[in-house]
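Listed here are the chains, written in short residue letters.
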Amino acid sequence: MNGKLKSLLAITLIYPLASNAQGINDVISTLRDAQCYKASVEYQILMSLQPDVDYTIRLESMEAPGDKLSPCSYLIDWTMMTPSGEQHGFSAYNSGNVYDFHGERLLEYHYDWDSIPFLPSSPSGILPGIQKRVQFCSLLPQFLADQIEEIAENPQKYEYTLHSDTTVSGNKCLAIEGVMKINDEVCKEFLYAFNPGDGMPMFSEIENNPGALAEQTIIARYNTTADSSCDAPTEPELMARYPSIFEKYRESNYAIENMQGQHLPGFSLPTTTGERYSRRSGDPFRTLTLLVLMDPKSGFATSTVSEIRKAADMLPVNADIIWAFISNNTDEIEEIIPVINPGEHLLMSAKSLARDCGASAYPVTIITKDDGTVADVVIGFNNELSSIVIQKAAVAVK
């Protein structure tokens, strides 16, 4: 190991060292069995050819019994300092659902919608599924267990020493230090330090390409949070925590396409005449209701109004229409709908409602039964919109 990494490690020979195999298996088991874990991490990437990068990362992970895709559910929230200010992102996984926000894009992956991203690459499986390769997930104890197991089970590639009682950066710990070799050349040096009390990570330093021009050092300093409460990150909880991200950057239609059978979210929105239309989730409607989420800037806005009204006129029952525009520009909205018909409601500032429904493109027509549950959803505009709405609405009233 190089001098910089070795200087962090001072071995204290008070107790005899346990055997490497037994000791490292205990480390792996403790990390893998973490039930509720919360920590903040100061994360540095030191590069010889580029400016250094600093992150502040908040980690949350919780056990996921029976989940065959991931050893845990998790939420990873990170902030990076740049010359132009802070950049922020997050990644979350729970029950076959991944949400990954970075670079002003919110990417979603849902196993029941498309399982391929969750599977390891074939035929070798070198690249793991998306739930195991989002940024910083390797810092979580459950994933760190996989890395330590890789070291323990591949002696032809890794050489390591386990120190059961030592100090790293002045802190008492259990430590694993070693190297990774390819063709007898050292390509990585590593040091992992763990709390001797609970076995959770305290510190890690990884030296990639040591001695080379493209040498890179990655340092992680953990500060575990004393909080025993953990909740898996469901979509509603993520939307509540990151409302502006879901409003501005959501690109997937997964959520709204899976609204069928669910209660329409509650909302309270202003009308263009200064009044307010409010309802709670679970409240019934007077009759079958078509909720149309719209953007007045869309080139299909006027045509959508015409087609939806045509469909409503041809339905076997009286249907109400709620026009919910994401804009708060009254002039733009009333240019699209200058006069409302009986049974219609004209609402504005509906971005929050669109977010709660999971809409990422407009128009969206949500066909809702009189009991407040969603019967079906029609996304987008086409010349057959009225016929499609009639067919789906007719099924809803049977």
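Bear in mind that the values here come from a model prediction, so they are computed numbers and not experimental data.

Conventions we followed
Residues numbered from 1 in each chain as written. Predicted model: local features only at pLDDT ≥ 70, side-chain atom pairs only at ≥ 80, totals over all residues. Heavy atoms only, no water. 1 Å grid on protein atoms, 1.4 Å probe; cavity = no way out; pocket = protein on both sides within 12 Å on 5 of 7 lines; lining within 4 Å. Points joined across faces, edges and corners; volume = space filled by probe spheres on them. Helix = DSSP H or I, 4+ residues; strand = E, 2+ residues; numbered from the N terminus. Nonpolar A, V, L, I, M, F, W, Y, C, P; charged D, E, K, R; others polar. pLDDT = per-residue confidence, 0-100. Contact = heavy atoms within 4.5 Å. Buried < 20%, exposed > 50% of the residue type's maximum accessible area, 1.4 Å probe, protein only. Pairing = 2+ DSSP bridges. Expected span 1.5 Å × (residues − 1). Arc of directions from axis to C-beta. Axes fitted to C-alpha atoms, helices over the stretch in contact; angles between N-to-C directions. Right-handed = clockwise from strand over helix to strand, strands pointing away. Phe/Tyr/Trp six-rings, centres within 6.5 Å; stacked < 30°, edge-to-face > 60°. Core = buried A, V, L, I, M, F, W, Y, C linked by side-chain atoms within 4.5 Å.

## Here we look at the layout of surface pockets
Thought 1: For the largest pocket, the calculated volume is near 820 Å³.
Thought 2: Contributing to the lining of the largest pocket are 27 residues, with S138, Q147, K188, Y192 and I206 lying nearest its centre.
Thought 3: Per element, the largest residue contribution to the lining of the largest pocket is eight residues, and it comes from helix 3 (residues 141–153).
Thought 4: Across the lining of the largest pocket, the residue classes tally to 15 nonpolar, five polar and seven charged.

## Some thoughts on the confidence of the model for the chain
Thought 1: Across the chain, the average pLDDT comes to 90, with 93% of residues at 70 or higher.
Thought 2: No element of the chain has a lower mean pLDDT than strand 1 (residues 9–11), at 45, and none a higher one than strand 16 (residues 320–325), at 98.
Thought 3: This stretch, residues 9–18, has a pLDDT under 50; its non-local contacts, to residues over four places away or in other chains, come to 23 contacts.

## Regarding the pairing of strand 13 (residues 267–270)
Thought 1: Of the two faces of strand 13, the one lined by F267 and L269 is fully buried and the one lined by S268 and P270 carries no buried residue.
Thought 2: Pairing analysis gives four bridges linking strand 13 to strand 14 (residues 276–279), with the strands arranged antiparallel. Bridging from a neighbouring strand, P270 pairs with R276 of strand 14.
Thought 3: Counting the residues that bridge the hairpin from strand 13 to strand 14 gives five residues, and of these G274 lies at a positive phi of roughly 90°.

## A look at helix 10 (residues 385–396)
Thought 1: With twelve residues, helix 10 ought to run about 16 Å at 1.5 Å a step, and its terminal C-alpha atoms sit 17 Å apart, in line with that.
Thought 2: Among the residues of helix 10, L385, S386, V389, I390, A393 and A396 are the ones counted as buried. Burial along helix 10 is one-sided: seen end-on, the buried residues are contained in an arc of 130°. Opposite the packed face of helix 10, turned more than 90 degrees from it, sit the exposed residues Q391 and V395.
Thought 3: Looking at the buried side of helix 10, the elements it contacts are strand 15 (289–294), helix 7 (301–314), strand 18 (364–368) and strand 19 (374–379).

## With respect to the sheet that holds strand 19
Thought 1: What the five strands build is an open sheet, ordered 17-16-15-18-19; its pairing is mixed. Looking at strand neighbours, the two that pair on one side only are strand 17 (344–347) and strand 19, the edges of this open sheet. Taking each pair of neighbouring strands and ignoring which way they run, the sheet shows an average axis angle of 15°.
Thought 2: Examined bridge by bridge, strand 18 and strand 19 share five bridges and lie antiparallel to one another. The residue bridging T365 from the neighbouring strand is V378, located in strand 19.
Thought 3: The strands touched by helix 10 within the sheet are strand 15, strand 18 and strand 19, with strand 19 carrying the most contacts at an inclination of about 170°.

## Thoughts on the pairing of strand 15
Thought 1: Counting buried positions over the six residues of strand 15 gives six, a clear majority of the element.
Thought 2: Side chains T289, L291 and L293 project from strand 15 onto one buried face, and the interleaved L290, V292 and M294 project onto a second face that is buried too.
Thought 3: A crossover connection joins strand 15 to the parallel strand 16 through helix 7; in handedness this β-α-β unit is right-handed.

## Some remarks on helix 7
Thought 1: For helix 7, which comprises 14 residues, the first-to-last C-alpha distance of 20 Å matches the rise-based estimate of 20 Å (1.5 Å per residue) to within 8%.
Thought 2: Contacts made by the buried residues of helix 7 are with strand 15, strand 16, helix 8 (330–336), strand 18 and helix 10.

## Observations regarding the packing of aromatic side chains
Thought 1: Applying the stated criterion across every chain yields a total of 17 aromatic pairs.
Thought 2: Pairing W78 with F136 gives two aromatic rings, centres 6.4 Å apart and planes at 70°, and the pair type is edge-to-face. Separated by 58 residues along the polypeptide, W78 in strand 4 (residues 72–82) and F136 in the loop between strand 7 (105–110) and helix 3 bring together distant segments of the chain.
Thought 3: On the basis of relative accessibility, which here comes to 6%, the residue W78 falls in the buried class.
Thought 4: With a centroid separation of 4.0 Å and an interplanar angle of 0°, the aromatic rings of F90 and Y242 are classed as stacked. With F90 in strand 5 (residues 85–94) and Y242 in the loop between helix 4 (235–241) and helix 5 (243–249), the pair connects residues that are 152 residues apart, well separated along the chain. Each member of the pair, F90 together with Y242, is buried.

## Some points on the nonpolar core
Thought 1: Y43, I57 and I148 are the most contacted members of the largest nonpolar core, which has 49 residues in total.
Thought 2: Broken down by element, the residue count for this core peaks at six residues, all from strand 2 (residues 36–47).
Thought 3: Here Y43 is in contact with V53, D54, Y55, I57, F136, L139, I218, I219 and A220, once residues within four sequence places are set aside.
Thought 4: Judged by nonpolar contacts, the second largest core, of 27 residues, contains V292, I308, A393 and A396.

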